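Single-letter residue listing:
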Amino acid sequence: MKKCKLYSFYVVVCLGLLTGCGTNASTKLNQGPLGEDNLAYKWAQIALEATANDTERFKPRPTVTSRYLALIFVSMFDAWTAYDSKAVPVYLKDVSRRPEEERTLEKKEIAISYAAFRALMEYFPGDSLLFTGFMLDLGLDPDLSSKDPKSPEGIGNLAAFYVISSRKGDGANQYGEEPGSSKIPYFDYTGYKPANSADVNSDLGRWQPKYFSDGKGGRFAPPCLTPFWDRVKPIGLKSADQFRPGPPPKIGSEKLNMEVQEVVDVQSNLTDYQKALVEYMRDGPKSVQQAGHWLRFAQDVSRRDKHTLDQDVKMYFYNQVVAMDAFIAAWDSKMFYDYARPFALVHSLFEDQQIYGWAGEKTGMSQLPGNQWRPYSPEVFLCPPFPSYVSGHSAVSGACAEALRLWTGSDEFGESATLVAGAMTEPDFLGDTVVLHFPTFTETAEMAGFSRVLGGYHIQSDNLEGLELGRNVANEVWGFYNAHVGD
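Because the structure is predicted, anything quoted here is derived from the model rather than measured. Within every chain, residues take consecutive numbers counted from 1 along the sequence as written. In keeping with the predicted nature of the model, local features appear solely for residues at pLDDT of at least 70, side-chain atom pairs appear and are counted solely at 80 or more, and the whole-chain, interface and lining totals rest on all residues. Side-chain numbers here rest on the full set of heavy atoms in the structure, without hydrogens or water.

**Student:** Now, about the packing of aromatic side chains: what can you tell me, with residues and values included?
**Tutor:** Aromatic rings from Phe, Tyr and Trp, with only the six-membered ring used for Trp, were paired whenever their centres fell within 6.5 Å, and each pair was classed as stacked if the ring planes differed by under 30 degrees, edge-to-face if by over 60, and tilted otherwise. Under the definition given, this model contains 27 aromatic pairs. On the basis of an interplanar angle of 35 degrees and a centroid distance of 5.0 Å, the ring pair of Y318 and Y481 is categorised as tilted. With a gap of 163 residues between them, Y318 in helix α12 (residues 309–337) and Y481 in helix α16 (residues 460–485) connect regions that are remote in the sequence. For the exposure calls, accessible area comes from a 1.4 Å probe over protein chains only, and a residue counts as buried if that area is under 20% of its type's maximum, exposed if over 50%, partly exposed in between. The exposure class assigned to Y318 is buried, which follows from its relative accessible area of 1%. Each helix is a run of H or I in the DSSP string that is no shorter than four residues. Each strand is a run of E no shorter than two, and both are numbered from the N terminus.

Listed below in structure tokens is the structure:
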């Protein structure tokens, strides 16, 4: 193994490194590159690029990519445990903890690199050249397939192997292995059929598919995304329904009518700030979906706190297991209640009224009949194609925000984002440049959740119950995480 290329990442300015490291500066200097320079951070960047490319290839499929990301970081974590004094792998077997003299940064880097590479090749095969190129940049042989349990290369390959093999048949149907799937990946083996068609809404309380533009002058109504995801085996939760919330508001109830009215009211008064918030949390134009979005927030923490490789391996592992399990728990609620979205609810409750709302990319805000109301979203992705209760954005944001709060020991975040209002939704009606501030993890999650109400995708019950569900997931998985890091 050549040291030179891996160690080429170790170029640091020591004076700048010491600034902000406090009393841990000398310790961290001995643990290699920090923040965006550590190799776990760099592999996270590669994984995010692959996730964005997956969205381009297959359209948004947040459940699927959340599983990919989680299993990639579990692979890296499992490989890393062999070089830690007390950590316990999740799936890796038959590998002894390496002697203390072998627990060097270089060996950890090699092990996590092979684990990341093999997992990425399995879950994002369309980007094989990206992954292979990065391995070569590191001076590592992408063709080395050794499973020697005493070498870092072998340990990395074994870690990915055991994760991949252990998760086959986990309910995700990645390989079309479930009965009746005819080897079609992600085939719906549950036989879910929506109660309503895109043309006829015969049961107002149930989810209704909606027509999207195909971008070529035609339209289509996408089917429900992964309606079987409630059957996927979680990693840290005991079961998908462990924290299932109570039912959503009843059709015709005062509570529901008030919440639907709120959606209409907030959309009719959208400010540039609110439009920017909706767009930013919707996560485009090259979306990494919600799990990826919160992985980016975790990277913000890594840069801010100048993380070592060890810290990032552990933080990303916990962060992404939480995201995957939150999606499974959210889908359990979605498919159990099969609840309607505001799109259909507004059409029904305001059918004979003129209301003020967003009339589309070429029109902007306008008076329109209630049965023509729509979310603040482009024609090509008009509304998420699956039931509403609970909000997936809220559940994953609540989960990952709580995870970062628990992991760092503080709710402080302090990041911001700058964007032009309307740029991702209505380019003919651009607003002002807006700065979104994220003072704490909790507030960031609440902003993400409420953005879905502002955008017209969810009512408040979807949001608030989703946030609570996510926090429950994070606290449950916190125990799982601590058991595996040896605390």
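Next, the rest of the story.
**Student:** For the packing of helix α6 (residues 105–123) against α12, give the residues involved together with the corresponding values.
**Tutor:** Running from N to C, α6 and α12 cross one another at 30 degrees; their axes reach a closest spacing of 11 Å. In terms of orientation, α6 lies roughly parallel with respect to α12. Of the two elements, α6 crosses α12, and the hand of that crossing is left-handed. Here α6 contributes L105, K108, E109 and I112 to the contact with α12, which in turn contributes L309, D310 and V313. As a working rule, the residues Ala, Val, Leu, Ile, Met, Phe, Trp, Tyr, Cys and Pro are called nonpolar, Asp, Glu, Lys and Arg charged, and the rest polar, with Gly in that last group. Its residues assigned to classes, the contact of α6 with α12 comprises four nonpolar, no polar and three charged. Between the N-to-C directions of two axes lies an angle of 0 to 180 degrees, each axis being a line fitted to C-alpha atoms and, for a helix, fitted only over the stretch in contact. Geometric relationships in this document are graded by angle, where less than 35 degrees denotes roughly parallel, more than 145 denotes roughly antiparallel, 65 to 115 denotes roughly perpendicular, and other angles denote oblique. In a left-handed crossing the near helix is turned counterclockwise from the far helix by less than a right angle, and in a right-handed crossing that turn is clockwise. Whether two residues are in contact is decided by their heavy atoms: any pair within 4.5 Å suffices.

**Student:** An account of the pattern of salt bridges is needed here, citing residue identities and associated values.
**Tutor:** A carboxyl oxygen of Asp or Glu within 4 Å of a side-chain nitrogen of Lys or Arg is what we treat as a salt bridge. This model, assessed by the stated rule, comprises 21 salt bridges. In this structure, R206 engages D338 in a salt bridge whose closest nitrogen and oxygen atoms are separated by 2.6 Å. On the criterion of sequence distance, the pair formed by R206 in the loop between α8 (152–167) and β1 (212–213) and D338 in the loop between α12 and α13 (342–349) is long-range, its members being 132 residues apart. For R206, a relative accessible area of 30% puts it in the partly exposed group. The exposure class assigned to D338 is buried, which follows from its relative accessible area of 3%. Through salt bridges with shared partners, one network takes in R67, R167 and D170.

**Student:** Requested: an account of the side chain of Q208, with residues and values cited.
**Tutor:** Considering the arrangement of structural elements, one finds Q208 in the loop between α8 and β1. Counting of polar contacts relies on pairs of N or O atoms within 3.5 Å, with two restrictions inside protein: one atom must be capable of donating a hydrogen and the other of accepting it, and residues adjacent in sequence are counted only when both atoms are side-chain atoms. Within polar-contact distance, the side chain of Q208 engages the side chain of N201 at 3.5 Å. Within polar-contact distance, the side chain of Q208 engages the side chain of K210 at 2.9 Å.

**Student:** A description of the packing of helix α5 (residues 62–81) against α6 should follow, citing residues and the corresponding values.
**Tutor:** For the pair α5 and α6, interaxial distance at closest approach is 8 Å and the crossing angle is 155 degrees. The angle between α5 and α6 places the two elements in the roughly antiparallel class. Note on packing geometry: the crossing formed by α5 with α6 is right-handed. Of the residues in α6, those touching α5 at R67, Y68, L71, I72, S75, M76, A79 and W80 are K108, A111, I112, A115, A116, A119, L120 and Y123. Partitioning the contact of α5 with α6 into residue classes produces 13 nonpolar, one polar and two charged.

**Student:** Before we move on, could you go through the state of the cysteines and cite the residues and values that matter?
**Tutor:** The disulfide criterion is simple: two cysteine sulfur atoms within 2.5 Å. Going through the model one piece at a time under the given rule, you end up with zero disulfides. Looking at the unpaired C383, the closest cysteine sulfur is the one in C224, lying at 12 Å. According to the relative accessible area criterion, C383 is buried, its value standing at 5%.

**Student:** Explain the environment of V322 to me, and be specific about the residues and the numbers.
**Tutor:** Following the sequence through the fold, V322 ends up in helix α12. Residues V322 and L464, spaced 142 residues apart in sequence, show a C-alpha to C-alpha distance of 18 Å. Excluding anything up to four places from it in sequence, V322 contacts A399, C400, A403, V473, A474 and V477.

**Student:** Pulling in residues and values, what's your account of the nonpolar core?
**Tutor:** What makes a nonpolar core is a set of buried Ala, Val, Leu, Ile, Met, Phe, Trp, Tyr and Cys residues whose side-chain atoms join them at distances within 4.5 Å. Within the largest apolar cluster, 147 residues are counted, with the highest numbers of intra-cluster contacts made by W43, L120, Y123, W229, I235, Y316 and Y318. In terms of residue count, the dominant contributor to this core is α12 (18 residues). Ignoring sequence-local partners within four residues, the contact set of Y318 consists of A403, L406, W407, A474, V477, W478 and Y481.

**Student:** A description of unusual backbone geometry should follow, citing residues and the corresponding values.
**Tutor:** With an omega dihedral of 10 degrees, the bond running from Y389 to V390 counts as a cis peptide bond. Within the element layout of this structure, V390 appears in the loop between β4 (365–369) and α14 (392–408). Positioned with a positive phi, S182 is a non-glycine residue whose angle comes to about 50 degrees. Of note, S182 is situated in the loop between α8 and β1. The phi angle at K183 is positive, at roughly 60 degrees, despite the residue not being glycine. Here K183 is to be found in the loop between α8 and β1. Residue classification places K183 among the exposed positions, given a relative accessible area of 72%.

In short, geometric facts, not functional conclusions.
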